[in-house]
Amino acid sequence: MTELLYQTDSYLRTFTGVITAIDEANRGVALDRTAFYPGGGGQPADAGSLTVGDVEYPVLRAKKIGDDVFHYLGGEENLPAVGLQTEGAINWERRYQLMRTHTAMHILCGVIFRDYGASVTGGDMDPLQGRMDFEFETLQRELVDIIQAAINREVEAARPIRVKILPRQEAFQIPDLIRTKINLLPEGIQQVRVVEISGLDLQADGGTHVANTSEVGQIRVVDYKSKGKINKRIYIEVLD
Ligand SMILES: [Zn+2]
């Protein structure tokens, strides 16, 4: 089982861990703890490096398999052995862009629900760009500028972002979480990680976020598309 260090500290860039399993065929290495985000919830996995002794392996991506996070190594060097200690470093520039982008998407969700009552149904992101799907029948061209101004006001408002890990029963009592389909969580999950943009948005979420909306910087609504009468897709860009 891998301890997920990024869940309680999104700003952790380096860490030490012990190798607990090897997937020879795919050059995968599982660790007892990691700061690498393994992908999920629309946020891509981290890349970076693992150093064992004097060998530095590039980590091309990470992935959660069961309770373990595997780190897939590039290069040609022989794989390290189970039981060895490793120093991990994530590609921080890319990760921080993803944190800003992920928080931008939650700002968008929060504003659209608050101002139009429209619920989000899905989303996907790359560094500094994202798209989100909403049940938002009344979305039209004239609203794009209004939405863009509203989300940037939330950036300027410098709202703090808090992450909490709550017992399942407690999380189920929070009305705001019900609307984000928390009831779809598998029964076996006893703890729910909750990401709150103070005064704006509250979601069950496993991703990494910045600590304050001011870190996101300027957001641009690039485009939108109708995916049917009710379903609309909104594209955003975070300016560097
Ligand atoms: Zn999210």
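Described below are features of the structure shown in this document. (Residues numbered from 1 in each chain as written. Predicted model: local features only at pLDDT ≥ 70, side-chain atom pairs only at ≥ 80, totals over all residues. Heavy atoms only, no water.)

**Points about the pattern of salt bridges**
For the coordinates displayed, the defined rule picks out 14 salt bridges. Two residues, Arg233 and Asp133, come together in a salt bridge whose shortest N-O distance is 2.7 Å. Taken together, the positions of Arg233 in strand β15 (residues 231-238) and Asp133 in strand β10 (residues 129-135) put the pair 100 residues apart, joining distant regions of the chain. We note that Arg233, like Asp133, is buried. (Salt bridge = Lys/Arg side-chain N within 4 Å of Asp/Glu carboxyl O. Helix = DSSP H or I, 4+ residues; strand = E, 2+ residues; numbered from the N terminus. Buried < 20%, exposed > 50% of the residue type's maximum accessible area, 1.4 Å probe, protein only.)

**As for the pairing of β15**
Relative to β15, β10 is paired through seven bridges, and the arrangement is antiparallel. The residue of β15 that forms the bridge with Arg131 is Tyr235. In this sheet, β15 lies alongside strand β14 (residues 219-226) in antiparallel orientation, the contact comprising seven bridges. Considered in β15, the bridge of Asp223 is made with Tyr235. Adjacent in sequence and paired antiparallel, β14 and β15 are bridged by four residues, among which Gly228 carries a positive phi angle near 120 degrees. (Pairing = 2+ DSSP bridges.)

**Description of the coordination of the zinc ion**
Distances from the zinc ion to its protein donors, namely His102 (NE2), His106 (NE2) and Asp205 (OD), fall within the range 1.9 to 2.1 Å. The motif formed by the donor residues of the zinc ion, counted along the single chain, is H-x3-H-x98-D. With His102 and His106 both in helix α1 (residues 92-116) and four residues apart, this pair spans about one turn of that helix. Of the residues examined, His102 reaches a relative accessible area of 2% and is grouped as buried. (Donors = N, O, S within 2.8 Å, 3.2 Å for Na, K, Ca; no water.)

**Observations concerning the sheet that holds strand β12 (residues 191-197)**
The strand order across the open sheet formed by three strands is β11-β12-β13, and the pairing between neighbours is antiparallel. The open sheet has two free edges, formed respectively by β11 (161-167) and β13 (201-204), since each of these has just one partner strand. This sheet shows a mean twist of 20 degrees between the axes of neighbouring strands, independent of strand direction. One ladder, built from four bridges, connects β12 with β13; its direction is antiparallel. Looking across to β13, one finds that Glu196 is bridged to Leu202. Across the sheet, α1 is in contact with β11, β12 and β13; its angle to β13 comes to roughly 115 degrees. (Axes fitted to C-alpha atoms, helices over the stretch in contact; angles between N-to-C directions. Contact = heavy atoms within 4.5 Å.)

**A look at helix α2 (residues 141-156)**
Helix length check: α2, at 16 residues, gives a terminal C-alpha distance of 24 Å against a target of 22 Å (1.5 Å per residue), a fit within 8%. The set of residues buried in α2 consists of Leu143, Val144, Ile147, Ala150, Ile151, Asn152, Glu154 and Val155. Considering only its buried residues, α2 is in contact with α1 and β14. Note on α2: the residue one or two positions beyond its end, Ala158, has a positive phi of about 50 degrees. (Expected span 1.5 Å × (residues − 1).)

**A short note on the packing of aromatic side chains**
The final tally for this structure, using the stated rule, is six aromatic pairs. Aromatic side chains Phe15 and Phe36 sit 6.1 Å apart centroid to centroid with 80 degrees between the ring planes, which places their arrangement in the edge-to-face category. Taken as a pair, Phe15 in strand β2 (residues 14-23) and Phe36 in the loop between β4 (33-34) and β5 (48-52) lie far apart in primary sequence, 21 residues in all. Like Phe15, the residue Phe36 is buried in the burial classification. Judged by centre distance (5.5 Å) and plane angle (25 degrees), the rings of Trp92 and Tyr96 are stacked. Of this pair, Trp92 and Tyr96 both sit in helix α1, four residues apart, which is roughly one turn of that helix. Among the residues examined, Trp92 registers a relative accessible area of 15% and is labelled buried. (Phe/Tyr/Trp six-rings, centres within 6.5 Å; stacked < 30°, edge-to-face > 60°.)

**Re the environment of Gly39**
Take Gly39: it is sitting in the loop between β4 and β5. According to the relative accessible area criterion, Gly39 is partly exposed, its value standing at 28%. On a C-alpha basis, the gap between Gly39 and Glu137 in space is 30 Å, while along the polypeptide they are 98 residues apart. The residues contacting Gly39, other than those within four sequence positions of it, are Pro44 and Ala45.

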